Amino acid sequence: MTSRIPDKATVDGLEDRWNEAWESQGTYRFDESKDREQIYSIDTPPPTVSGSLHVGHVFSYTHTDAIARYQRMCGREVFYPMGWDDNGLPTERRVQNYFGVRCDPHLPYEPGFTPPHEGGEGKSIKAADQQPISRRNFVELCERLTEEDEKQFEALWRHLGLSVDWSRTYQTIAPNAQAVAQQAFLRSLARGEAYQAEAPTLWDVTFRTAVAQAELEDRERPGAYHRIAFEPAADMEEATGSYDSVWIETTRPELLPACVALVAHPDDERYQPLFGKHVRTPLFGVEVPVVPHRLASPDKGSGIAMICTFGDVTDVIWWRELDLPMRSVLGRDGRFAADAPAGLDTPDAVAAYAELAGKTVFSAQARVVEMLRDADLMDGDPRSIAHPVKFYEKGDKPLEIVTSRQWYISNGGRDASLRAELLSRGEELDFVPAHMGKRYENWVNGLTGDWLISRQRFFGVPIPVWYPLDDDGEPVWDQRIVPAEDTLPVDPSVDTAPGFSEDQRDQPGGFVGEMDIMDTWATSSLTPQIVGGWRDDPALFAKVFPMDLRPQGQDIIRTWLFSTVVRSHLEHGVLPWKHAAISGWILDPDRKKMSKSKGNVVTPMGLLETHGSDAVRYWAASARLGTDAAFDEGQMKVGRRLAMKVLNASKFVLGATGISTAADESLAEGIRAVSHVTGGALGADALTGNAAGDANPAALDSTGSPVTQPLDRALLAGLADVVDKAGAAFEAYDHTRALELAETLFWTFCDDYLELVKTRAYDGAAPGESIDPFAECSPEAASARATLTIALETFLRLFAPVLPFATEEVWSWFRPGSVHRAPWPSADPLRAAAGDAPDMTLVGAAGEALATLRKIKSEAKVSQRTELVSVDLLVPEAKVQAVFAARADLMAAGRARKMQIVDAVMALDPSVDGEGPEDGSGGSSADTTVMRTENVVFAD
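In this text the structure is predicted, and so the values were computed from the model without any measurement. (Residues numbered from 1 in each chain as written. Predicted model: local features only at pLDDT ≥ 70, side-chain atom pairs only at ≥ 80, totals over all residues. Heavy atoms only, no water.)

> Tell me about empty space enclosed by the protein, and please be specific about residues and values.
With the rule as written, the count across this model stands at eight cavities of 30 Å³ or more. Taken as a whole, the largest cavity encloses approximately 140 Å³ of empty space. Lining the largest cavity are 17 residues, with A214, N411, W443, W451 and R558 positioned closest to its centre. Elements represented by at least two residues in the lining of the largest cavity include exactly β18 (451-452) and α15 (557-572). Per-element accounting of the lining of the largest cavity gives the leading share, four residues, to α15. (1 Å grid on protein atoms, 1.4 Å probe; cavity = no way out; pocket = protein on both sides within 12 Å on 5 of 7 lines; lining within 4 Å. Points joined across faces, edges and corners; volume = space filled by probe spheres on them. Helix = DSSP H or I, 4+ residues; strand = E, 2+ residues; numbered from the N terminus.)

> Go over the packing of helix α2 (residues 55-73) against helix α4 (residues 135-160), please, and point to the residues and values.
Two elements in contact, α2 and α4, have axes separated by 11 Å at closest approach and are oriented at 55 degrees. Relative to α4, α2 is oriented oblique. The chirality of how α2 crosses α4 is right-handed. Residue-level inspection shows H57, V58, Y61 and T62 of α2 in contact with α4, the latter providing L156, W157 and L160. The class makeup of the residues in the contact of α2 with α4 is five nonpolar, two polar and no charged. (Axes fitted to C-alpha atoms, helices over the stretch in contact; angles between N-to-C directions. Parallel < 35°, antiparallel > 145°, perpendicular 65-115°, else oblique. Left-handed = near helix turned anticlockwise from the far one by under 90°. Contact = heavy atoms within 4.5 Å. Nonpolar A, V, L, I, M, F, W, Y, C, P; charged D, E, K, R; others polar.)

> Give a detailed account of the packing of aromatic side chains, specifying residues and quantitative values.
Using the criterion set out here, one finds 31 aromatic pairs in the structure. Look at F746 and F799: their rings are 5.3 Å apart centre to centre, the planes differ by 90 degrees, and that puts the pair in the edge-to-face class. Of this pair, F746 sits in helix α23 (residues 735-762) while F799 sits in helix α24 (residues 779-799), and the two are 53 residues apart along the sequence. The burial state of F746 is the same as that of F799; both residues are buried. Here F749 and F795 contribute two aromatic rings whose centre-to-centre distance is 5.2 Å and whose plane-to-plane angle is 50 degrees, an arrangement assigned as tilted. Highlighted residues: F749 in helix α23 and F795 in helix α24, separated in sequence by 46 residues. The same class applies to F749 and to F795, which are both buried. R550 extends its terminal NZ or CZ atom over the ring of W560, reaching a point 3.1 Å from the ring centre. If you follow R641 out to its NZ or CZ, it ends over the ring of W747, 4.3 Å from the centre. (Phe/Tyr/Trp six-rings, centres within 6.5 Å; stacked < 30°, edge-to-face > 60°. Buried < 20%, exposed > 50% of the residue type's maximum accessible area, 1.4 Å probe, protein only. Lys NZ or Arg CZ within 6 Å of the ring centre and 35° of its normal.)

> Any chance you could break down the pairing of strand β27 (residues 868-875) for me, citing the residues and the numbers?
Most of β27 sits inside the fold, with seven of its eight residues counted as buried. In this sheet, strand β29 (residues 932-938) lies alongside β27 in antiparallel orientation, the contact comprising five bridges. Across the sheet, S870 pairs through a bridge with V937, a residue of β29. Two elements, β27 and strand β28 (residues 899-903), share five bridges in a ladder whose sense is parallel. Bridge pairing in β28 places D872 opposite Q900. (Pairing = 2+ DSSP bridges.)

> Mind laying out helix α10 (residues 416-428), listing which residues take part and the relevant values?
Taking 1.5 Å of rise per residue, 13 residues should cover 18 Å, and α10 covers 19 Å from first to last C-alpha, within 8% of that figure. Here α10 has its buried residues at L418, R419, L422, L423, R425 and G426. Seen along its axis, α10 keeps its buried residues to an arc of 155 degrees; they face one direction. Along α10, exposed side chains directed more than 90 degrees from the buried face belong to A416 and E427. Buried residues along α10 sit in contact with β17 (430-432), α11 (436-445) and α15. (Expected span 1.5 Å × (residues − 1). Arc of directions from axis to C-beta.)

> Which residues make up α11, and what are the values?
Think of an α-helix as turning once every 3.6 residues; residues three or four places apart then point the same way. Taken residue by residue, α11 has M436, G437, Y440, W443 and V444 as its buried positions. Projected onto a plane normal to the axis of α11, the buried residues spread over an arc of 120 degrees and lie on a single side. Buried residues belonging to α11 abut α10, β17, α15 and β24 (577-583).

> Please give an account of a positive patch on the surface that cites residues and values.
There is a patch of like positive charges on the surface, built from R102, R208, R335 and K397. Note on placement: R208 falls in the loop between β7 (194-204) and β8 (209-210). (Patch = residues over 30% accessible without salt bridge, like charges linked within 9 Å, V, L, I, M, F, W, Y side chains within 5 Å. Areas by Shrake-Rupley, 256 points an atom, 1.4 Å probe, with all protein chains shown as cover. Salt bridge = Lys/Arg side-chain N within 4 Å of Asp/Glu carboxyl O. Lys, Arg positive; Asp, Glu negative; His and termini not counted. Charge placed at Lys NZ, Arg CZ, Asp CG, Glu CD.)

> Quick one: what's the story with the sheet that holds β28, residue by residue and with numbers?
Pairing is mixed in the open sheet, where three strands are placed in the order β28-β27-β29. Unpaired on one side and paired on the other, β28 and β29 mark the two borders of the sheet. Across the sheet, the mean angle from the axis of one strand to that of its neighbour is 10 degrees, orientation sign disregarded. Packing of helix α27 (residues 841-859) onto the sheet brings it into contact with β27, β28 and β29, and relative to β27 it is tilted by some 130 degrees. On top of the sheet, helix α29 (residues 887-894) reaches β27 and β28; it is set at about 125 degrees to β28, its chief contact.

Given below as structure tokens:
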């Protein structure tokens, strides 16, 4: 017969075995029949499918999983799905690099297309060398690659031990997700929250797509101030009598043809006489006004600046608030338009602009500087500076501002009342840690416009709108054609508009489909609705929404968290969840955030295989929410040591109690042994989860508890305190504190308690000898065995959320089912068993005494197995009683034949007549607060 308990326990290989068992047994399968009050629902972050996960993902997702496992053990049915964010620019970029292609939506579909390259990242393939293919071919390649990536992601998450319900995965590009996103858009459109406008838009010239405010980041870039002369126009000369030039300093001289005004602060006395007058733009000779505005900085450059359409976001504000004309020069490709803008109509202006037409921003700037120097309109050489420049967070070139027609959703950026409502939602939400709520508040208060959701890309959720064409074949933008909700999802680029036939596409009097797709956040902001069944399973949605928890990173509070709050507020009038658990970042050895863009990430599978998943989870769980943590393999080694100790300490406990002997016969015998060893006194549900077995009468004291010895009761009293505090920590989303409490006591249990009670538990048998758990034993042995069994079961449950594999392995040795479906431990039966023991003081004192005995053997350089013929143990006064209570266990563990426990204060050398020295110090200078030994006699 093969033992249920291995001869040599190891954490290696546990992941594959237990993942297979959990899947086949449905351990984490969500039971939809439960009521809302019984359900704990989690809005799990769908990782972006664009290559590989990194160790930062392991870090934050472990935090969530620990919470999910705890909630499940507390009797709640946990709704814990997993999704994949598989549409959007990161996926497109990966497909371009992986297959060596780029999308050209004007090309026809090619059935059976074979890409020119496959594998790696294709970094050697330049964008110009990528083969253009149709949109449909491109989307097919996106779907093909994301499917492969998702398999790898799922394999890694399973190996890590995420307790998600793998039957409830979702994709943000899947038909049901597209239908949800389109339905939410159409409802916002009907309510007036979604709208289309032609306006200045932040634009990435590389990817040729609009970018939202939430996707921006500032990067320090080199630049230069160019001091340029504007000549006064006739009205200024007449009013001021001055013919002096007005000098401005700018980093964007190439935008002179787009200049529409000069601006200075209203209180700047230098320029007050010029307000309302005009100057002429250098090279182009266009008259533009000098205007005041509060955002102009008197201390920046010369204190007066040019307003161009558009150089930066401040230009947009000035243009809008001062009602200035539009004079756009940049196209969507980032090059200067072929034709001069309105207002540049003189022969000299047209000729000057022709020097710039078709050039990139960089080339145009160089040419404008040459022209200014030749015309003697620039003072000196450019002055080099470093300044922050706006980038798309995934882009490589500075953003430009291009006028285009885009779709927006109201988010409070232009509506003060909606802004106030969204700020109020932030106050309702329980942020963990609380200070993360300030980041939400700052973001909402800093919005400068509504949420731009349209993207000029290819792999995403289509915006479900068509437009009628007039008799000239021009779109009638404000007469939109929309689909019925029951026909969703639709793709207007291929599906026919309602009320039309396909042969009317792109024909005068016919229709044209919207080609833009939604920003990926416009779909991800609906993850509660997608996974909760808002559109197709209202019964489920009512049970899981609003959800209990949104776990996520701090850097996407402004994007994912805020946008989800916006959509839920607009559609449902409530918060999408009650709690938001915000993880910190993983830092590299240089204390920099790990990210793919920085190239400093560590991929996790090798770590999981080297150290074991429990060890990596331990490292992750050792960091609190909201706290950045250093990548530390040393901490993973500590976690592996802890997981191994759980296995080995459990083997000892099961051997010393005889439960392993019974478990070798059958699991039923192991279960009966647990109940017998604990005397059945703690109840079926409190610890064992089974009906009580027949009690061992010799093991029960007058209260009916099998735990009769002071040392044992003290341990259980301490364990009861840990159970209470660890549970409270988990309820406060402090998994780190819960782990610290359990781990600290566990090492005391292993290093001190197990050593102290080993001899007593074996009741005369040699350690390691087979024990019959049903044979009558002394009350002292029964007390030790009961305590060991109760403590083991309790520790396994305390560690289960963080160390799922090691705890499940031990549980299977002697218990039915899964530890992850067992109830979270309760302190009440522990305190009942502990009786009048107040706390862990006795265990600590006994452990210190044992360490003192071991120390003298180490100092004497003798084996720890060497017996002490006799020894005097000098104990601080406050600990004497505790050490006396554990005296028998202490002598057995210290191998002492005779041991006298002496109050360290009383051990001071008194004078013959019973009085101490005149100075009152006693006859010894020894420290009475530290345990020590005297009169030690070792056996030969």
